[in-house]
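Structural characterization, general
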Amino acid sequence: MTYARDIAPWMPWTDRAGRTNWLKLACFLALVAPAVWMALEFRMGWLSPKPWTDLVRESGDWAMRILVVSLAVTPLRWVTRWNKLVLVRRMLGLAALYYTLLHIALWCVDLKFEWLRILIEMFVRVFLTVGLAATLLMVALGVTSNDYYIRKLGAQRWNKLHAWVYTAGVLSLVHFFMEIRLDATEAALMTGLFVLLMAFRLVRRKATPGLLTLTATAVVCAVATALVEAAYYTLSTRVPVARVLWANLDFSYTVRPAWWVPAAGLLLAALAAWRNREIGRAHV
């Protein structure tokens, strides 16, 4: 009983007093779910004849997704005024790091732990070098993502250090694009969402953005997403840029990232407008 009471405050879903925080618990379960699913896929034989290669790809995809979600916490907190979201920001950042390390570990398994080959490929193949740089940054941020280093470095220096997460995000996206062979849908989507979240931070720094500003930001980011995707396909497959851009208007097969990104941006704008209206009513 004493042991359980002593260990409780250290569990990821508890607060400092050791009480269960349901938001943190829900976030923790959601973050563990992809790893459980990958283990189940492997155990049940649902993967391709190259299961380790599949798991390398899946773990990398989840690392990128969770990193983008972690960067969405601050904008969501701004537009909803729900400050409790900050409670899961550290958990999300660490989960992105853990899935990144899992991605590398599975890659080593896929290469049968041939360390000389692993080292050579890591420094000869550019996309692996870029990924390694992103990983080293994330490790540094993960190690210092605790109260001890906040006190040791001071809030200002600690914030400057953790601003490197944006650089890690850019490097991760470059690695993502260089790694894919043909379908750039998810890479373009992650890039578009990353650009949207960075743009939101930029307009928020100037002043409290209104509905029109946020809507315009969403539209600009949609265009940027379409251009990034078109540039990738043009450079990798020599398909004309105009043809790729026009494909964004064809909904018979799928909805392109250039539409999902403004949808996310407009959702942020709608949440901000709704929250500001509610606050205005409360002051009447």
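Structure: see above.
A few points on the structure. Quick caveat, the model's predicted, so the values are computed rather than measured. What you see as residue numbers is a count from 1 along each chain, following the sequence as written. Side-chain atom pairs in this predicted model are given and counted only at pLDDT of 80 or more, local residue features only at pLDDT of at least 70, and totals for whole chains, interfaces and linings cover all residues. Side-chain descriptors were evaluated using all non-hydrogen atoms of the structure, hydrogens and water having been removed beforehand.

Section: helix H5 (residues 115-124)
Short version of the rule: Type-normalised accessible area, obtained with a 1.4 Å probe on protein chains alone, sets the label of each residue: buried when under 20%, exposed when over 50%, and partly exposed for intermediate values. Segments assigned H or I by DSSP are reported as helices when at least four residues long, segments assigned E as strands when at least two residues long, and all are numbered from the N terminus. This arc describes the spread of directions from the helix axis toward the C-beta atoms. Contacts are assigned to residue pairs that have any heavy atoms within 4.5 Å of one another.
Of the residues making up H5, those classed as buried are Ile118, Glu121 and Met122. Taken around the axis of H5, the buried residues stretch over an arc of 100°, which confines them to a single face. More than 90 degrees from the buried face of H5, the exposed residues found are Leu116, Phe123 and Val124. Its buried side turned inward, H5 meets helix H4 (89-110) and helix H6 (126-143).

Some points on the packing of helix H3 (residues 51-80) against helix H9 (residues 165-179)
Put simply, the test is: Think of each axis as a best-fit line through the C-alpha atoms, taken over the contacting stretch in the case of a helix, with angles from 0 to 180 degrees between the N-to-C directions. Crossing chirality is assigned from the near helix's rotation relative to the far helix, an anticlockwise turn below a right angle marking it left-handed and a clockwise turn marking it right-handed. Each residue receives one of three labels: charged for Asp, Glu, Lys and Arg, nonpolar for Ala, Val, Leu, Ile, Met, Phe, Trp, Tyr, Cys and Pro, and polar for the others, Gly being one of them.
Interhelical geometry of H3 versus H9 gives an angle of 145° and a closest axis separation of 11 Å. The element H3 and its partner H9 pack so that their crossing is left-handed. On H9, the residues touching Asp61, Met64, Leu67 and Leu71 of H3 are Val165, Tyr166, Gly169, Ser172, Leu173 and Phe176. For the contact of H3 with H9, the residue count by class is seven nonpolar, two polar and one charged.

Concerning the packing of aromatic side chains
The line we're drawing: Classification of ring pairs rests on two measures: the distance between centres of Phe, Tyr or Trp rings, Trp counted by its six-membered ring, which must be within 6.5 Å, and the angle between planes, read as stacked under 30 degrees, edge-to-face over 60 and tilted in between.
Scanning the entire structure with this criterion turns up nine aromatic pairs. Ring geometry for Trp78 versus Phe200: centroids 6.1 Å apart, planes at 25°, classification stacked. Separated by 122 residues along the polypeptide, Trp78 in helix H3 and Phe200 in helix H10 (residues 185-206) bring together distant segments of the chain. Measuring from ring centre to ring centre gives 5.4 Å for Tyr232 and Tyr233, while their planes differ by 70°; the resulting arrangement is edge-to-face.

Here's the deal with the packing of H6 against H9
Our working definition: Here the angle decides the label: under 35 degrees means roughly parallel, over 145 means roughly antiparallel, 65 to 115 means roughly perpendicular, and every other value means oblique.
Two elements in contact, H6 and H9, have axes separated by 8 Å at closest approach and are oriented at 155°. Overall, the two elements H6 and H9 adopt an arrangement that is roughly antiparallel. The crossing of H6 and H9 is left-handed. Of the residues in H9, those in contact with Val126, Phe127, Leu128, Val130, Gly131, Ala133, Ala134, Leu137, Met138 and Leu141 of H6 are Val165, Thr167, Ala168, Leu171, Ser172, Val174, His175, Met178 and Glu179. For the contact of H6 with H9, the class distribution of residues is 14 nonpolar, four polar and one charged.

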